[in-house]
Structures are given as C-alpha cells and as structure tokens.
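# Structural characterization, general
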Amino acid sequence: MNAYDARAIRNVALVGHSGAGKTTVTEALLFVAGATTRMGRIGEGNTVSDHDPEEIRRGISVSLSLAPVEWQGVKINVLDTPGYADFIGDVHGALRAADACLFVVSAVDGVEVQTEAVWELAVEAGLPRAIVINKLDRERASFERTLEDLVRAFGTQVAPIQLPIGEEHDLAGLVDLLSRKAYRYGTEPKGSEEAWPEDLVAKAEPYRERLADAVAEADDALLEKYLEQGELSEEEIVRGVKAGLAQAKVAPVLVAAADRHLGVDRLASFLADAFPSPADRSPVTVTTKGGEERERACDSAGPLTALVFKTVADPYVGRINLFRVWSGTLRPDSSVFNATKNTEERVGQVFTMRGKDHETVPEVAAGDIGAVAKLSHTTTGDTLSVKSDPVSLPPIALPEPLLAVAIAPKTKGDEDKLSTALARIQEDDPTLRVERSPETHETVLYGMGEAHIDTMVERMKRKFGVEVVTSPARVPYKETFRTKVQAMGRHVKQSGGHGQYAIAYIEVEPLPRGTGFEYVDKIFGGAIPNQYIPSVEKGVVKTMHDGVVTRNPMVDVRVTLYDGKFHPVDSSDMAFQIAGALALKDAAAKAGVALLEPIVKVEVDTPESYTGDIIGDLNAKRGRILGMESTGAGKQRIRAVVPQSELTRYAIDLRSMTHGRATFRMAFDHYEEVPSHLAEKIIAEARRESEG
Ligand SMILES: Nc1nc2c(ncn2[C@@H]2O[C@H](COP(=O)(O)OP(=O)(O)OP(=O)(O)O)[C@@H](O)[C@H]2O)c(=O)[nH]1
Ligand SMILES: [Mg+2]
C-alpha cells in the first residue's frame, strides 16, 4: 500500500439499512479497483468485510470492517458498517472516523428505518452525505419511487447526479448528469463510456434542473447567478455539487447494481473527485488534562492525536485497535500516550487492514486510518496522544444496551474462562455491558437485542472456547412482612450424648420501604444469656438473606427478641442460630410473606403515530403513565413507571411495535408490593423450583 497525503485520502462510512448492499458495494469497489481478482458473494460467505463466522452464518455484517480502495491516486478508506439495529454501536464508531457518509439504499425497499436512524446521526455529526441507490437490477426495483421516497424523508437536498439506463432485468448502465456521458456495463469491471443517448435527453433534463436547484439553494453566489440567467454552467454545477456535499447541504444520488459491479467504477471516481478529504475538515477540538479546549488541525507534523474507533479481540494476535489520526503521525516502534487511560503504550508494527487481512505500513499520518496490535490498555473511544502534551477527543457516544439475559458457563468449573471471555468481548463491543447482580447472584449480560446477544454468545464459544447458557434475567424481588406478629423458634434435641437446646420468642413487624433491617433486644432477667442474643440475630439475618419463601432476600422488618429459654449445658451458639431461623419461619407461616418488586422509570421517545399503542401496552404491563411531552420533529416522549418484571423483553417488544422507530431508557426507581394474585404465582413457582 502506497503512502498518501491527507488530500489524497477519503474516509467514507458506508451506512444504511441491513440488506441494502453496503458489504456488496465494498466488495465491488475492491474488485473494480483491482484489489481483488474476483468478487466475493454474501451467499458464498467469501466477502472481504463479512469474514467472521457469525457474519457468514447470518449473511449480515455484525461489526464494521475497514477496506482501503486505491483509485486514481486516491486512497478511499471504506468503512463498511452493519445495518442491523442491534449492531449500531459500530456505526457510531465509523461516523467518528469518517469525513463523509455514503448511504446505500435498496431500489426495491426504499428508505427504511435504519436509513432514517443513521441519517439523523450523520446530521447530528454534521457529516456530508451522498446516497447510492443500489439493487437496480432486482425485480421490482424502481429508481423513481426510491428517489421520491428519499426526497420525502430527507428533503430537496437529495439530488440525483446519475440516472439508470433501464431497470430490473433491462438495467444496462447509467447516464451521468454532470458529464453528460453514458456508461454501459458488461462483464468487465469498468463501464464503457459513450455519448449521452438521444432518447434519454428529454428524460434527463428535468433532473438536471433539479440538480441546479439543489446546488443553487446551497450556495448564495450560485443562486444569484441562477436567478439572473436561468441556468448554471456545467462547471458551476460540478463545483456546486462538491461544495454543497462538503457543507452537508446537497446529498448527491448515484445509482448502482453492486452485485454486478454496475456503476461502481463511477462511484469510486465520485468518491475520489468529489468527497471531502481529511484536509478539508475543520480542526478537531481536544481537551487538555487541565480541562482546556484546543484545536488540532490535520497536520502530519503536528502533535499526535488519534481516536481508537474500533477494537477487535483476537485470541491469537491479541487486541487490534483501529484508529483515525487527526493530527501528527503514528509510527511503528514508537511510544504513544493513551490520554483517556492515562498510560503509556508501546507501539510495535503499524498496519492497515482489508477485512481480516493485515498489511504493514511505514506510518499512519494525519487524516489516515490505521491499525495497531497488542496495546495493553487501549480500547474503543480512547485518544492516543503524546506524553508531553496529552489531550483527549470526546468519547464515542454509545446507546445503552437494554436487553438483559442471565448467563452461566455450560460446564461447571468454566467460571474463570467465562469471565475472561466476557472481558474480552466487551472490548470488541462496547455496547455490551456485564453486571454481577448482588441481589440475584446472576451474571447479567446487557445487549442491544436478541441477535446481538446470540452473536456474542457464539463469539465467546468460537474465540474463547467457553460455552454459555442464557436464561431470562431474574427479577430481584424482595420479601417482607405486611403485619405485626409474634412467633417462636424451638430447637431442642436431648436424646443421648451432648444435646441441643434453644428457644426464642420474637416479634416481627414491617418497617417503611428502604429501611432494611432492625434487631431489638428486649430480653429481661436473663431468659437468654447475653452471649446467645447475637446468635439469634445471626440466624434471623441468614434466613432473611436467603429468603423465606422465594429465595429472595427479606427486607424492611424489625425483629424484636423478647423472650426465650436455655439450658446450662445443652445450649450453644449454633442452637440459638437455628432457633432464630425457625422463629422467623414461624412468623412467615403465621403472618404470610408479602413480595416487593422493583419498579423502573421508563422514558420512550417515539414518532407521534405510535403513542397510542405504546401507552396502551404500558398500561397492559401494569405501568402508570406520568406524562407525555413533544420533543420536536413529530416526536413524543412518554414517561411512565412500570414493574421491571414486565419489561424484561421490552427492547424486543418496543422494536416490533414501532418497527424500530422508538427508543427507550429505563432506570430503577423504587420497590412496591406485588399484587397478591401475582405474588401467589411467583411463590408457587419458587416452591416448584426448590422442590424440583
Ligand atoms: N441483485 C442484487 N443483489 C444485491 C445487490 N447488492 C447486494 N445484493 C444482495 O443483497 C443481499 C444483502 O447485501 P449486503 O451487501 O449483505 O447488504 P448490507 O447492506 O451489507 O447488509 P448488512 O450487513 O446486514 O447491513 C446479499 O444477498 C447481496 O448479494 C445488487 O446490486 N443487486
Ligand atoms: Mg454488510
């Protein structure tokens, strides 16, 4: 791989809905540029980007891949991202590494949920956006319909610079509205250029006008000229498209059938000619250790500032970090300073990656993307900098994972292996979270959705040889008393040898929520000797901790020890512990145990049209709606409190209810008593479990 100046680099994130053809476009770009000798196919599992067994099995991308494409003296760092919503984490990373986005949209399916979701992210990030309408060779493909769909979703900034010649089975090539040339495609990687076909002139003219409109709208000087003279020259339109794209005011639309690499050479040329280079970006803002903000421009001689946007845990090579250099140059055999983790790192080899393949490079300079292996502490989101002047870039904002499952090793004794595997796959994917629940004693894995969790379970097995079983995460219920009651625990065994003798009388009463446990000693006249009073408490506490009826801890009770009996020889610490435990069980049998359940606060952000369904569903889930307010752009925020047990699969339910258009957050709020008909069910189930 040659070295490229920042002006000859394009960092492009391929984004859009799953199945639109991002991986196939990447494959076709590599093929037409001569980086590969034949095109891999999704169906054959041999593409450059989708090399993980988890990707091949599913036929979708689950993590981002880098694929540098050298084209006419320019290096295009293609970042192929996953379109499936569960894997959105890598899209966030790619957007931080890229200088522009190429949206891949299917000519059959049009604008889909993830197209819109990522469009919003790109707008927020201020990134330039172009679109390629792909799959134009497919049955039921329509350029017109897809374009209308795009304009409806994203406005008149969407302007075609190419039109297809033919469609579906008749797709033969494309016309370029900028150069007024036509390109026809056969089996050769590149199209053959010809004059603009006469029969297309009439069809193309309105599109050229539309393009002139969009360009003029984005540039005052051009607008003035357009209004005065009624048209723009070819050169002005070309310039206007570039400028409009760079300022994210025009979204040029290209056409392709990536599967047949049709239009892909023209796409590569457009990326090389019209996409902004890293040198065109404004300087990034960094923060010094002292909290001061500074700017760093794209200068390979400047102080090193690089962002790690992806980490891959490899069981053999170790950890691989993909990074984007914003300033300075990262050289092999050097030392860098990880400003995020506040630690120095030794850099060995520096390389670029093409899918899973590594190719060493002499250095990675400002504007470029590279990879480094075996850093000890560096993971996604970290800034690599210099020790004398450490600065950090803002971290990568990631969505909260909200689907929880309990995991355990399939084989007893694999606990250590599991915890190593968990730590490593979290490096791969920072949208995973692992928690050890102190209440249920389960290891809980939080992911973005079912596919995400399944993929990670497969990955742990493949990469770290640990098989994992998953189960729904247990809800941390708690037990308590509803009424005051007196009870007795009697542990007396005096047949032969050393006996055991302890009798304890206790009174149990409920305390307000959140109080925990209180123990009161009201023994008079030595009914129980002093040294055994803490023994009774120990027995009570142990039983409370284990739970009396459901294996969930008991809380918010006061236990008063008010009387008892002992024996000068047969009484012991152990005997009084047992008496304490029996006394609490007796109280539970007399008064009945109430169950408390965690209630969470939920906020759902949704397009207006789904508010009715969402509120209805939350009500059915025993939720209480606290309010609803508009958050602009036709969106509403619904706030509610809902029992946690009803929301264990909400990540899945909400997605299917709103076709993935709504998002939610939740956080623990408080404990409330479970309605008695449900409590009975939970208790019965716990009995079955402990018996079975
Ligand atoms: N006929 C036809 N099929 C295509 C074209 N582009 C992609 N496909 C097929 O569409 C399917 C999905 O393509 P991918 O490239 O995996 O789509 P993707 O956007 O990478 O999908 P995710 O990785 O899930 O986000 C595959 O079976 C491709 O072979 C095309 O231009 N024409
Ligand atoms: Mg893909």
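Residues numbered from 1 in each chain as written. Chains lettered and ligands numbered in written order. Predicted model: local features only at pLDDT ≥ 70, side-chain atom pairs only at ≥ 80, totals over all residues. Heavy atoms only, no water.

### Structural notes on the pattern of salt bridges
Here the structure, examined in full by the defined rule, presents 53 salt bridges. A salt bridge links Glu-363 to Arg-331, with the nearest nitrogen and oxygen atoms 3.5 Å apart. Of this pair, Glu-363 sits in the loop between β20 (357–360) and β21 (364–365) while Arg-331 sits in the loop between β16 (329–330) and β17 (334–338); the two residues are 32 residues apart in sequence, bridging distant segments of the chain. Given the relative accessible area of 44%, Arg-331 is considered partly exposed. One salt bridge in this structure joins Arg-433 and Glu-400, with 3.4 Å as the shortest N-O distance. In this pair, Arg-433 sits in strand β26 (residues 433–436) while Glu-400 sits in the loop between β24 (391–392) and β25 (403–409), placing the two residues 33 residues apart along the sequence. You can call Glu-400 partly exposed: its relative accessible area is 45%. Ionic contacts of the salt-bridge type, sharing partners, join the residues Asp-52, Glu-54, Asp-428, Arg-459, Arg-462 and Lys-463 into one network. (Salt bridge = Lys/Arg side-chain N within 4 Å of Asp/Glu carboxyl O. Helix = DSSP H or I, 4+ residues; strand = E, 2+ residues; numbered from the N terminus. Buried < 20%, exposed > 50% of the residue type's maximum accessible area, 1.4 Å probe, protein only.)

### Quick look at the coordination of the magnesium ion (ligand 2)
Coordination angles at a metal have ideal targets, namely 109.5 degrees for four tetrahedral donors and 90 or 180 degrees for six octahedral donors. Protein-derived coordination of the magnesium ion (ligand 2) comes from Thr-23 (OG1) and Ser-61 (OG), at a distance range of 2.0 Å. Within this pair, whereas Thr-23 is found in helix α1 (residues 22–32), its partner Ser-61 is found in the loop between α2 (53–58) and β2 (65–71), the two being separated by 38 residues in sequence. Overall, the relative accessible area of 6% leaves Thr-23 in the buried class. (Donors = N, O, S within 2.8 Å, 3.2 Å for Na, K, Ca; no water.)

### A closer look at the sheet that holds strand β8 (residues 173–176)
The four strands are arranged β7-β8-β9-β10 in an open sheet whose pairing can be described as antiparallel. Every interior strand has two partners, whereas the edge strands, β7 (162–165) and β10 (192–195), have only one. If you compare each strand with its neighbour and ignore which way they point, the axes differ by 30° on average. Of the strand pairs in this sheet, β8 and strand β9 (residues 181–184) are connected by four bridges, and their pairing is antiparallel. Opposite Gly-173, over in β9, you have Arg-184 as the bridge partner. (Pairing = 2+ DSSP bridges. Axes fitted to C-alpha atoms, helices over the stretch in contact; angles between N-to-C directions.)

### Details of the state of the cysteines
This model, assessed by the stated rule, comprises zero disulfides. Counting only cysteine sulfurs, Cys-298 is the nearest neighbor of Cys-101, a cysteine outside any disulfide, at a range of 18 Å. The buried category is assigned to Cys-101, whose relative accessible area is 0%. By relative accessible area, which is 27% here, Cys-298 ends up partly exposed. (Disulfide = S-S within 2.5 Å.)

### Focus: the packing of aromatic side chains
One pass over the structure, following the stated rule, counts nine aromatic pairs. Ring centres of Tyr-505 and Tyr-562 lie 6.2 Å apart, and the angle between their planes is 45°; on these two criteria the pair is classed as tilted. You can see Tyr-505 sitting in strand β31 (residues 500–510) and its partner Tyr-562 sitting in strand β33 (residues 557–565), a full 57 residues away along the chain. Chaining the aromatic ring pairs together yields one cluster made of Phe-103, Trp-119 and Phe-154. Over the ring of Trp-326 we find Arg-324; its NZ or CZ atom is 3.8 Å from the centre of that ring. Sitting over the face of the ring of Tyr-446, Arg-433 holds its NZ or CZ atom 4.2 Å from the ring centroid. (Phe/Tyr/Trp six-rings, centres within 6.5 Å; stacked < 30°, edge-to-face > 60°. Lys NZ or Arg CZ within 6 Å of the ring centre and 35° of its normal.)

### Focus on helix α3 (residues 88–97)
In terms of burial, α3 is largely enclosed, as nine of its 10 residues are buried. Within α3 the residues assigned to the buried category are Ile-88, Gly-89, Asp-90, Val-91, His-92, Gly-93, Ala-94, Leu-95 and Ala-97.

### Digging into the site of ligand 1
Residues in close proximity to ligand 1 total 20 residues, the closest being Ser-18, Lys-22, Thr-24, Ser-61 and Gly-83. Within the contact set of ligand 1, a nitrogen atom lies 2.8 Å away from a side-chain nitrogen or oxygen of Asp-137. Between ligand 1 and the protein, one listed contact pairs an oxygen atom with a backbone N or O atom of Ala-258 at 2.9 Å. Burial of ligand 1 by the protein amounts to 88% of the accessible area it has alone, namely 650 Å². The element that contributes the greatest number of residues to the shell around ligand 1 is α1, accounting for three residues. (Near = heavy atom within 4 Å. Polar contact = N/O pair within 3.5 Å; in protein donor to acceptor, adjacent residues only side chain to side chain. Areas by Shrake-Rupley, 256 points an atom, 1.4 Å probe, with all protein chains shown as cover.)

### Describing the pairing of strand β15 (residues 318–327)
The element β15 is largely enclosed, with a buried count of 10 among its 10 residues. Relative to β15, strand β14 (residues 305–314) runs antiparallel, the two being bridged by nine bridges. Looking at β15, one finds that Ala-313 is bridged to Arg-319. Counting the residues in the hairpin turn of β14 and β15 gives three residues. One ladder, built from five bridges, connects β15 with strand β22 (residues 369–373); its direction is antiparallel. Within the sheet, the bridge partner assigned to Leu-322 lies in β22 and is Ala-371.

### Describing the environment of Ala-258
Within the secondary structure layout, Ala-258 lies in the loop between β11 (251–255) and α9 (264–274). Classification of Ala-258 as buried rests on a relative accessible area of 1%. For the pair formed by Ala-258 and Phe-524, sequence separation is 266 residues and the distance between their alpha carbons is 89 Å. Excluding residues within four positions of it along the chain, Ala-258 makes contact with Thr-24, Val-25, Ala-28, Met-39, Asn-134 and Val-264. (Contact = heavy atoms within 4.5 Å.)

### Some remarks on the nonpolar core
Residues Leu-29, Leu-79, Ile-131, Leu-211 and Phe-270 are the most contacted members of the largest nonpolar core, which totals 111 residues. In terms of residue count, helix α6 (residues 198–218) provides more of this core than any other element does, eight residues in total. Phe-270 has contacts with Ala-130, Ile-161, Val-241, Leu-245, Pro-252, Leu-254 and Phe-275, leaving out every residue within four places of it along the chain. Counting residues in hydrophobic clusters, the runner-up holds 33 residues, among them Val-405, Leu-445, Leu-647 and Phe-664. (Core = buried A, V, L, I, M, F, W, Y, C linked by side-chain atoms within 4.5 Å.)

### A word on the environment of Leu-618
By the secondary structure assignment, Leu-618 is in helix α14 (residues 611–620). A C-alpha to C-alpha distance of 35 Å links Leu-618 and Thr-146, two positions 472 residues apart in sequence. The contact partners of Leu-618, leaving out residues within four places of it in the chain, are Gly-623, Ile-625, Ile-638, Ala-640, Val-642 and Tyr-650.

### What about unusual backbone geometry?
Unusually for a residue other than glycine, Arg-180 sits at a positive phi of about 55°. Within the fold, Arg-180 resides in the loop between β8 and β9. The partly exposed category is assigned to Arg-180, whose relative accessible area is 32%. Unlike most non-glycine residues, Asp-333 shows phi in positive territory, near 50°. Mapped onto the fold, Asp-333 is located in the loop between β16 and β17.

### Notes on the packing of α14 against helix α15 (residues 650–658)
Where α14 contacts α15, the axes come no closer than 10 Å and their chain directions differ by 145°. The way α14 lies across α15 gives a crossing that is right-handed. Along the contact surface, α14 presents Asp-613, Ile-614, Asp-617 and Leu-618, while α15 presents Tyr-650, Leu-654, Met-657 and Thr-658. (Left-handed = near helix turned anticlockwise from the far one by under 90°.)

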